[in-house]
Amino acid sequence: MTPPALRNSAAFPALAASFLVLATAGPAGAAGCLLEPQGEGRVAAVVDARSLRLEDGREVRLAGIERGGTDRVSGRAALSAIAGGREVTLHGDDDTPDRYGRQGAFVFVAGSEHSVQSELLRRGEALVSSDTSEKNCAATLAAAENAARDAKLGMWAETTAIKNAESSGDILSAIGHFSVVEGRVLSVRQAGAITYLNFGRNWTRDFAATISRRIIPAFESANLGPKSLENRRIRVRGIVSSRGGPRIELFRVGQVEVLGGK
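A. Main features of the sheet that holds strand β6 (residues 102-109). Read around the barrel, five strands follow the order β1-β2-β3-β6-β5 and close on themselves; strand pairing throughout is mixed. Strand-to-strand twist across the sheet, computed as the mean angle between neighbouring axes with direction ignored, equals 60°. As paired elements, strand β5 (residues 87-92) and β6 share four bridges and run antiparallel to each other. Bridge assignment links Leu-90 to a residue of β6, and that residue is Val-107.

In structure tokens:
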């Protein structure tokens, strides 16, 4: 099962309007990240850029972030530097393992005021996944990502860290990867149960973000109805797929960031 904190389809609307800049100030409850303790342990191994294995055998998936880009080695090395062999505490709303047996949690190294997730984001080694429903946690992660982007750290040192919606070929090279795409919505069209935010004139070749009919109410509640996004410059994040042209499916309000007026 996916923890409730990670599956709320409305995921904090504040992130959708703009990434809030808030200071982090201490583990979980003390840091404004209001999540319950889920236990503690020592990190025995770093499985990948987002997963740890504790000495007691538990595998922990870092909640609230995604690996940035396609460089698996860099992300894993960064996580090892932060948490490898360290005593950690886990926090979250639900410690039920997912279908792969991994426990989703916010992880804090003993003695640190910042989550491992925030540290990875501050180094430019991860992206906010936008699926954290606890508003303070989400804002803290967004602030950490913003700081790295402003300082051009890690992935943000590359001009291609945010993909141009007009460069379909570049976006297609990231199929299967979590990516951030920025551009102007040229048109909004509905086909059956799917609404398309089209960033180009050729609907079968250019980039589009898609929203299922059942998700529309969450966007409208956040004052982000699809039609209101037409001719707006926005940033979207999610897994890139290909259905003719490159696509990112929008499941949550937090996947959309409005960047400017019409």
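B. View of the nonpolar core. Membership of the largest hydrophobic core comes to 29 residues, with the highest contact counts inside it found for Leu-52, Leu-62, Leu-79, Phe-106, Val-107, Val-116 and Leu-120. Broken down by element, this core gets its largest block of residues, five residues, from β6. When near neighbours in sequence (up to four residues on either side) are disregarded, Val-107 contacts Leu-52, Val-60, Leu-62, Val-88, Thr-89, Leu-90, Ser-115, Val-116 and Gln-117. Of all hydrophobic cores here, the second largest spans 26 residues; its members include Ala-209, Ile-211, Ala-218 and Ala-222.

C. Layout of the side chain of Gln-255. Assignment of secondary structure puts Gln-255 in the loop between β14 (245-250) and β15 (256-258). Note on Gln-255: relative accessible area 5%, which makes it buried. A polar contact is formed between the side chain of Gln-255 and the backbone oxygen of Arg-237, at a distance of 2.8 Å. In terms of polar contacts, Gln-255 uses its side chain to reach the backbone carbonyl oxygen of Glu-249, at 3.1 Å. Here Gln-255 is in contact with Ser-130, Arg-235, Val-236, Arg-237, Gly-238, Ile-248, Glu-249 and Leu-250, once residues within four sequence places are set aside.

Calculation rules
Each chain carries its own residue numbering, running from 1 in the direction its sequence is written. Reporting in this predicted model follows two pLDDT cut-offs: at least 70 for local features of residues, and 80 or more for side-chain atom pairs to be given and counted; totals over whole chains, interfaces and linings ignore these cut-offs and use all residues. Values shown for side chains rest on all heavy atoms present in the structure; no hydrogens or waters enter the calculation. Criterion used throughout: strands pair if DSSP finds at least two bridges between them. The secondary structure listing takes helices from DSSP runs of H or I that are at least 4 residues long and strands from runs of E that are at least 2 residues long, numbered from the N terminus. Lines fitted to C-alpha atoms define the axes here, with helix axes fitted over just the stretch in contact, and angles between the N-to-C directions of these axes take values from 0 to 180 degrees. Side-chain atoms within 4.5 Å link the members of a nonpolar core, which is a set of buried Ala, Val, Leu, Ile, Met, Phe, Trp, Tyr and Cys residues. Note on classification: 1.4 Å probe, protein chains only; a residue is buried when its accessible area is under 20% of the maximum for its type, exposed when over 50%, partly exposed between these limits. When checking whether two residues touch, look at their non-hydrogen atoms; a contact exists if any pair is within 4.5 Å. The term polar contact refers here to a pair of N or O atoms within 3.5 Å; inside protein, the definition further demands a hydrogen-donor-capable atom paired with an acceptor-capable atom, and it admits residues adjacent in sequence only when both atoms are side-chain atoms.

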